[in-house]
Every structure is written in C-alpha cells, then in structure tokens.
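Chain and residue survey
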Amino acid sequence: MTTFNILSFLLLLFPTSVFPHGFVGSVTIDGTTYQGNIPGGTTNPSIIRQISTIDPVKGATNPSLNCGMNATLASDVANADPGSQMLIYWVGGSTGDSNWPHNVGPIMHYMTKCSGSCSSFDSMSAEWFKISELGLETSDTWYQANLDVEEPANLTIPSNIEPGEYLLRSELIALQLAVSVGGAEFYPACIQLNIGGSGTGAPQSNEVCQFPGCYTDTEAGIYTPDIYNPPINYTFPGPPVAAFVNGSSDSDSNSGSGTENPAATTSPTPSTGTYFSLFYPTLVFLPLYTFPHAT
C-alpha cells in the first residue's frame, strides 16, 4: 500500500500562479495616511518604494529581497516619532482591489538608518535590524491571517530609537509552498521615515544583516517541510529582535517587540491537523488517503 498526500498531488496539478499575490497599498502613521503606488503603474509621490509586480520574491539570494520586486526610490519621507503607531495595509490583486490572500507565515519588520535622505538612499548594502516578529496567534491561526479580513499590520516605532531618517522594511513570508526548498514566497516593502526625538537606541553589530544575505533557502522558518504536520514548532528566520527595542541587553524573539500583539514562536496545532486551501481565503480539510499499490 502506498500513502499519498492529497495536498502534494494538488500542488503538482496546479501551477504556482493560482495563488494570488499583493503589496502594501497604504500606510497610516499616527492617524495620517500615505498612499502607495500600483506595482508597475504610474509613479506618484509616496513614502512607499514602488515595486514592478505583485509577484513574490523567490529565493533567499534574490536582490529584490531587499525592498521588493525591482523596487525604486520613493520621493517622499514621512515624519514619525519614537513610539509612533503605524498601520500597514497589505492588499491583494494587481490593483489592490482585493484582500491580502495568504494566511500562513510570519510578519516581520526591520529598520535601517539611511545615510543622508532616504529618498536617495541605496539600501542594497544597508545593515538591517529587526524590530518585531509575529508568528502564530493561536494554535492553528497565524497573525498574517488577520490581513485577509482587511486588518493592518500594527507596528510601534521603538520608543528609544535614535533620531534620523530610516527605511522601515515590512515583510510577509507566505509558507504555503515552503514544504519544498525554494518554495517560500517573500513579500518585502520599504517605507521611508524621518524619526525625531532624542533617543539613543541602536542595534549591536551582531543584530544586523543585509538583504539578500540575511536568510538562506534551507534554514528553519523558510524551508518548512512540516508546516502542515502538527504540532508546529516555528522558528523565525533572521536575527533576533534588537535588544534596545525591548530596553534590555538581551533580545526576546518570542515577544513580538515593537508590535501591538506578542508573537508565538512555538504553538501546538490541533490533533485534527492543519488545513490548507488552493483558493484563499477559504480553508478546507485535505486528509491523507491510502491507495493500493499497483502490481
């Protein structure tokens, strides 16, 4: 007898393109909203760097892992303060007229200080530090699933960060195809900020990394062969949240620092199994079936 996973069979039948994609449509900072540009469309003044397509970045060595697919400089820089509240609205479809389509995978945020104005800063050699990470909200639901129902990714600028112009890198990783090496879908977006105040918080040298270079295709959290086999024991990729974000000498990667909600790095899934759908956002159970072995 041969045991066959129906999920694996269906993934072979349907090309990757059946999964819709998306981008950051707008950002709200302390109540002020800034619109983004349609990927590959007309370029208008914005604080969000424009990407060329809604397609995900594939591969941990892809240069577009930096700020999104062929991202270009944005003309504007938004003012913010330590402790500012940010709402990042991820949308689906080529024009952003549908909801964010994915619901399995982490939400992470990084920052890097611009040398000069962020509107002219080349971030390819920038050193990024992590300020937040969100994974599982419950035993079988990811925080990313909230974006499916038009909820924003909530973020708080670190309260003690030193002033200056920064790029904020908002990143979603969709893991529905990450059961195979190279299957993870990366969605990074870069937002240009000018942060005031008189803080002194900054990352340590062992808390920064470059994009690409921060991840590998085979590390835990990116290659997740057991993502649909409970219990899920998820490990965030990349460096830990920078220690200064928590106001301590040791970063706590379980805390989701810099966000409204704590992250869960390890949560058991129900014994009935994790569910998955080829057509988001509907979720269906896909059981294992046993077929007789041909003789």
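The structure displayed is predicted, hence computed values, not measured ones.

1. Overview of the overall build of the protein
On a plain count of helices and strands, the protein comes out with 2 helices and 16 strands. Relative to its 295 residues, the protein shows a buried fraction of 49%. For the protein, the share of sequence-separated contacts (at least 6 apart) that also reach a separation of at least 24 residues comes to 76%.

2. Some thoughts on the environment of glycine 183
As for its placement among the helices and strands, glycine 183 is situated in the loop between β11 (164–174) and β12 (185–195). Take glycine 183: its relative accessible area is 9%, and that puts it in the buried class. Linking glycine 183 and tyrosine 223, residues 40 residues apart in sequence, is a C-alpha distance of 7.4 Å. Beyond its immediate chain neighbours, meaning those up to four positions away, glycine 183 contacts Lys58, Leu177 and Ala178.

3. A word on the nonpolar core
Ranked by internal contacts, the top residues of the largest apolar core, which has 35 residues, are Met86, Ile88, Trp90, Met111, Leu168, Ile191 and Leu193. With 5 residues, β12 is the single largest residue contributor to this core. With sequence-adjacent residues up to four places away left out, isoleucine 191 is seen in contact with Val27, Ile47, Ile48, Met86, Ile88, Tyr166, Leu167 and Leu168. In this structure, Met108, Trp128, Leu175 and Phe211 belong to the second largest nonpolar core, which totals 32 residues.

4. Focus: the pattern of salt bridges
Scanning all chains against the criterion turns up 3 salt bridges. Lysine 113 is the salt-bridge partner of glutamate 162, the closest N and O atoms lying 3.1 Å from each other. Taken together, the residues glutamate 162 in the loop between β10 (153–156) and β11 and lysine 113 in strand β8 (residues 107–113) connect sequence positions 49 residues apart. Salt-bridge contacts for lysine 130 lead to glutamate 133; the nearest nitrogen and oxygen are separated by 2.8 Å. The exposure classification of lysine 130 matches that of glutamate 133, with both residues buried.

5. Comments concerning the packing of aromatic side chains
Scanning the model with the defined rule gives 9 aromatic pairs in all. Aromatic side chains tyrosine 110 and phenylalanine 211 sit 5.0 Å apart centroid to centroid with 80° between the ring planes, which places their arrangement in the edge-to-face category. One end of the pair, tyrosine 110, is in strand β8; the other, phenylalanine 211, is in the loop between β13 (208–209) and β14 (232–233), with 101 residues separating them in the sequence. Each member of the pair, tyrosine 110 together with phenylalanine 211, is buried. For arginine 169, the ring lying beneath its charged end belongs to phenylalanine 211, and the centroid distance is 3.6 Å.

6. Quick look at the side chain of glutamate 171
With respect to the helices, strands and loops of the structure, glutamate 171 is situated in strand β11. Since its relative accessible area comes to 0%, glutamate 171 is described here as buried. Within the local environment of glutamate 171, its side chain forms a polar contact with the side chain of tyrosine 215, the two groups lying 2.6 Å apart. Setting aside residues no more than four positions away along its own chain, glutamate 171 makes contact with Leu65, Trp90, Pro106, Ile107, Met108, Tyr110, Phe186, Tyr187, Pro188 and Tyr215.

7. Comments concerning the state of the cysteines
Under the definition given, this model contains 3 disulfides. The disulfide that involves cysteine 67 links it to cysteine 190, with 1.9 Å between the sulfurs. Measuring handedness by torsion sign, the sulfur bridge of cysteine 67 and cysteine 190 sits at about -85° and is left-handed. Placement of cysteine 67 in the loop between β4 (57–58) and β5 (78–80) and of cysteine 190 in strand β12 is noted, with a sequence separation of 123 residues between them.

8. Some details on the pairing of β12
Of all the 11 residues making up β12, 10 are buried; the element is thus mostly covered by neighbouring parts of the structure. In this structure, β4 lies alongside β12, joined through 2 bridges in antiparallel fashion. Bridging across to β12, valine 57 finds its partner in phenylalanine 186. Pairing of β5 with β12, which is carried by 3 bridges, proceeds in the parallel orientation. Within β12, the position partnered with alanine 78 by the bridge is leucine 193. Bridge count for β11 against β12 is 11 bridges, and the pairing is antiparallel.

9. Observations regarding the side chain of asparagine 66
Note on placement: asparagine 66 falls in the loop between β4 and β5. Side chain to side chain, asparagine 66 and serine 123 meet in a polar contact 2.5 Å long. Among the polar contacts listed, one links the side chain of asparagine 66 to the backbone oxygen of phenylalanine 211, at a separation of 2.8 Å. Those residues in contact with asparagine 66 that lie beyond four places of it in its chain are Ser123, Met124, Trp128, Arg169, Pro188, Cys190 and Phe211.

Parameters and conventions
Residues numbered from 1 in each chain as written. Predicted model: local features only at pLDDT ≥ 70, side-chain atom pairs only at ≥ 80, totals over all residues. Heavy atoms only, no water. Helix = DSSP H or I, 4+ residues; strand = E, 2+ residues; numbered from the N terminus. Buried < 20%, exposed > 50% of the residue type's maximum accessible area, 1.4 Å probe, protein only. Contact = heavy atoms within 4.5 Å. Core = buried A, V, L, I, M, F, W, Y, C linked by side-chain atoms within 4.5 Å. Salt bridge = Lys/Arg side-chain N within 4 Å of Asp/Glu carboxyl O. Phe/Tyr/Trp six-rings, centres within 6.5 Å; stacked < 30°, edge-to-face > 60°. Lys NZ or Arg CZ within 6 Å of the ring centre and 35° of its normal. Polar contact = N/O pair within 3.5 Å; in protein donor to acceptor, adjacent residues only side chain to side chain. Disulfide = S-S within 2.5 Å. Pairing = 2+ DSSP bridges.

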